[in-house]
Amino acid sequence: LSNSKFQNTDDTIIDDSNYVLYHLDNNNLKALFRWAVCYKNNAMYKESLKDLEFVIKLDPNNKNAKDEQKIVKGLFDQMLQKQFKQMQDDKSSST
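In this report, we go over the structure that sits alongside the text. (Residues numbered from 1 in each chain as written. Predicted model: local features only at pLDDT ≥ 70, side-chain atom pairs only at ≥ 80, totals over all residues. Heavy atoms only, no water.)

**Description of the overall build of the chain**
Right, so step 1: Summing up its helical and strand segments, the chain has four helices and zero strands in all.
Right, so step 2: Across the 95 residues of the chain, 29% fall into the buried class.
Right, so step 3: Look at the contacts in the chain between residues 6 or more apart in sequence, and 44% of them connect residues 24 or more apart. (Helix = DSSP H or I, 4+ residues; strand = E, 2+ residues; numbered from the N terminus. Buried < 20%, exposed > 50% of the residue type's maximum accessible area, 1.4 Å probe, protein only. Contact = heavy atoms within 4.5 Å.)

**Re the nonpolar core**
Right, so step 1: Leu-21, Leu-32, Trp-35, Leu-52, Ala-65 and Val-72 are the most contacted members of the largest nonpolar core, which has 15 residues in total.
Right, so step 2: Broken down by secondary-structure element, the contributors of at least two residues to this core are helix H1 (8-24), helix H2 (29-41), helix H3 (45-58) and helix H4 (63-93). (Core = buried A, V, L, I, M, F, W, Y, C linked by side-chain atoms within 4.5 Å.)

**With respect to the packing of H2 against H4**
A pair of packed helices is captured by two measures, namely the crossing angle of their axes and the spacing between those axes.
Right, so step 1: Two numbers describe how H2 lies on H4: the axes approach to 11 Å, and their chain directions differ by 20°. Classified by the angle their axes make, H2 and H4 are roughly parallel. Regarding H2 and H4, the two cross each other, and that crossing is left-handed. On H4, the residues that touch Phe-33, Val-37 and Lys-40 of H2 are Asn-64, Ala-65, Glu-68, Ile-71, Val-72 and Leu-75. (Axes fitted to C-alpha atoms, helices over the stretch in contact; angles between N-to-C directions. Parallel < 35°, antiparallel > 145°, perpendicular 65-115°, else oblique. Left-handed = near helix turned anticlockwise from the far one by under 90°.)

**Looking at the packing of H2 against H3**
Right, so step 1: Relative to each other, H2 and H3 sit at 160°, their axes nearing to 8 Å. On the basis of the axis angle, H2 is roughly antiparallel to H3. In this structure, H2 meets H3 at a crossing whose hand is left-handed. Where H2 abuts H3, its residues Leu-29, Leu-32, Phe-33, Trp-35, Ala-36, Tyr-39 and Lys-40 lie against Tyr-45, Glu-47, Ser-48, Asp-51, Leu-52, Phe-54, Val-55 and Leu-58.
Right, so step 2: Considering only residue class, the contact of H2 with H3 consists of 11 nonpolar, one polar and three charged. (Nonpolar A, V, L, I, M, F, W, Y, C, P; charged D, E, K, R; others polar.)

Right under this line is the structure:
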């Protein structure tokens with residue numbers, strides 16, 4: 001993960017999570033969950049969902065991850081709908 005993609009408030013979380021995941025425990029649920037939240041906060045929904053799916057795979061009873069996954073899926077769907085509408089608007093304005 002590159003810090004340049006994230007808001008300044010997420011930099012410390014990313015740095016801490018990177019350290020844990022790359023140097024201590026690459027399956028650390030807390031660090032993976034924090035990554036997912038940072039991705040969500042920066043509208044990187046596909047990446048967030050990928051990390052949340054991995055957290056749920058490692059811990060199928062993780063309620064926080066499941067709740068966050070629902071939120072991110074909703075945000076991702078909204079983003080896709082906006083993109084589709086924009087494409088439709090662009091298409092009709094060019095004809």
